[in-house]
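Chain by chain, the residues:
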Amino acid sequence: MREGCDNAREERSDMRLSVPIYRLKRSAKTLAREDGIPLNAALDRIAQDEGFARWSLLAARLGDTDPAAALLPRLDPGDVVLLAARPGHGKTLLALELLTEAAAQSRRAVFFTLDYTEAGTRARLDTVGAIARGLANRIEIVTDDAISAEFIADHLADARPGTLAAVDYLQILDQQRIKPALHDQMDRLTAFARETGTILVFISQIDRRFEAATAPLPGLTDLRLPNPIPPGTFSKAIFLNDGALQLQSLN
């Protein structure tokens, strides 16, 4: 009986979510924490409440209504984009969704991470529907501890305009003392993006003091930056908080 129910769920294509997808992800993270279960299992439970057998099916079926599908066309070649939120508000998942949308358009998509393993990244690609859509293998995952501005520029040296790369995450680019200061690395990458037409998205943390703020979304002044970056580094910024999302042009 359960198998038949799952199949029926998978066949439905006209479903609307009860709340925006970001709120569903937030609920899944809360469920995972409270019940002590893996995030993937919590996402599947949330998806089942919405009428889908698994989260990957929900994400794949509703990919065209996901915020990433609307955001990607608003990112231009040469953009240096800040993607910022407090922990648990979906910034890494949104970055992976953007990469998935880029891959769907046959654009090169690269995820540089100093935080996740390749296995951990692929698990998150499953939650955003990249595997169900057959796009996960089109996304390059780079986990080398040597990731820095020069490393990124060398890896993307032959990138075509419109290539999308996400860097996870801004605050640890210069954590190792042997690497250049964050200020110098961002100067290098800003120039690289403009010269090549690559779009660089930097995942960033927000200072915990924002949690006590009354503003619905964080802003540039809320960034947690132990080391300064050059003014005007970012051309656009995406801020997330509690299911809300805003794209700002900073030019």
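What you see as residue numbers is a count from 1 along each chain, following the sequence as written. Reporting of local features is limited, given that this is a predicted model, to residues whose pLDDT is at least 70; pairs of side-chain atoms are given and counted only at 80 or more, and all residues count toward the totals for whole chains, interfaces and linings. Hydrogens and water molecules were not included; the side-chain quantities draw on all heavy atoms of the structure.

Student: Run through unusual backbone geometry, naming residues and quoting values.
Tutor: Cis rather than trans, the peptide bond between D168 and Y169 has omega equal to 0°. Numbering of helices and strands runs from the N terminus; a helix is a DSSP stretch of H or I covering at least four residues, while a strand is a stretch of E covering at least two. Along the chain, the position of Y169 falls in the loop between β4 (164-168) and α9 (182-196). Backbone geometry at S106 places phi at a positive 60°, although glycine is not the residue there. Here S106 shows up in the loop between α6 (91-104) and β2 (109-113). A 1.4 Å probe rolled over the protein chains alone gives each residue an accessible area, and that area as a share of the maximum for its type sets the label: buried under 20%, exposed over 50%, partly exposed in between. On the basis of relative accessibility, which here comes to 66%, the residue S106 falls in the exposed class.

Student: Provide a residue-level description of α6, including the pertinent values.
Tutor: The terminal C-alpha atoms of α6 lie 20 Å apart, and with 14 residues this matches the ideal 20 Å at 1.5 Å per residue to within 8%. Within α6, 13 of the 14 residues are buried, which leaves the element mostly enclosed by the surrounding structure. After α6 finishes, the residue S106 shows a positive phi value of roughly 60°. Here, expected helix span is obtained from the residue count minus one, scaled by 1.5 Å.

Student: Quick rundown of the pattern of salt bridges? Include the residues and the values.
Tutor: For this document, the term salt bridge refers to a Lys or Arg side-chain nitrogen within 4 Å of an Asp or Glu carboxyl oxygen. Enumeration over the complete set of coordinates arrives at eleven salt bridges. Salt-bridge contacts for R122 lead to E118; the nearest nitrogen and oxygen are separated by 3.3 Å. With R122 and E118 both in helix α7 (residues 118-127) and four residues apart, this pair spans about one turn of that helix.

Student: Let's hear about the nonpolar core: which residues, and what values?
Tutor: In terms of nonpolar packing, the biggest core is built from 51 residues, with W55, L83, L94, L99, L125, L164 and I238 touching the most fellow members. A total of eight residues in this core trace back to one element, the largest contributor, which is α6. A contact between two residues is defined here by any heavy atoms of the two lying within 4.5 Å. Those residues in contact with L164 that sit more than four places away from it in its chain are L72, L98, L99, A102, R108, A109, V110, I199 and V201. The nonpolar core is taken to be a set of buried Ala, Val, Leu, Ile, Met, Phe, Trp, Tyr and Cys residues, with the residues joined through side-chain atoms within 4.5 Å.

Student: So, the environment of D49: which residues are in play, and what are the values?
Tutor: Here D49 is to be found in helix α3 (residues 39-49). Taking the C-alpha atoms as reference points, D49 and L17, separated by 32 residues in sequence, lie 9.8 Å from one another.

Student: Please give an account of the packing of helix α2 (residues 21-35) against α3 that cites residues and values.
Tutor: Taken N-terminus to C-terminus, the directions of α2 and α3 make an angle of 125°; their axes are 8 Å apart at the nearest point. Taken as axis vectors, α2 and α3 run oblique relative to one another. Seen from above, α2 lies across α3 with right-handed handedness. Residues L24, K25, S27, A28, K29, L31, A32 and D35 of α2 form the contact with α3, whose participating residues are L39, A42, L43, R45 and I46. In this classification, the charged set is Asp, Glu, Lys and Arg, the nonpolar set is Ala, Val, Leu, Ile, Met, Phe, Trp, Tyr, Cys and Pro, and all remaining amino acids, among them Gly, are polar. Split into classes, the residues belonging to the contact of α2 with α3 amount to eight nonpolar, one polar and four charged. With axes taken as lines fitted to C-alpha atoms, and helix axes fitted only over the stretch in contact, angles between N-to-C directions fall between 0 and 180 degrees. Note that the term roughly parallel is reserved for angles under 35 degrees, roughly antiparallel for angles over 145, roughly perpendicular for angles of 65 to 115, and oblique for everything else. Crossing handedness: left-handed means the near helix sits turned counterclockwise from the far one by under a right angle, and right-handed means the same turn made clockwise.

Student: Hey, could you go over the sheet that holds strand β5 (residues 199-205) for me, with residue numbers and the actual values?
Tutor: Strands pair, by our definition, only if DSSP identifies at least two bridges between them. Sheet architecture is open: seven strands sit in the order β3-β2-β4-β5-β1-β6-β7, paired in mixed fashion. The sheet terminates laterally at β3 (139-142) and β7 (244-249), the two strands that pair on one side only. On average, each strand axis in the sheet is tilted by 15° relative to the strand beside it, whichever way the strands run. Against the sheet, α7 makes contact with β2 and β3, and its axis sits at roughly 150° relative to β3, the strand it touches most.

Student: Tell me what's going on with the packing of α6 against α7, and back it up with residues and numbers.
Tutor: Running from amino to carboxyl end, α6 crosses α7 at an angle of 75°, the nearest separation of the two axes being 10 Å. Classed by the angle they form, the pair α6 and α7 counts as roughly perpendicular. Contacts between α6 and α7 pair L93, L96 and T100 from the former with T121, R124, L125 and T127 from the latter. Looking at the contact of α6 with α7 residue by residue, the class counts come to three nonpolar, three polar and one charged.

In short, geometric facts, not functional conclusions.
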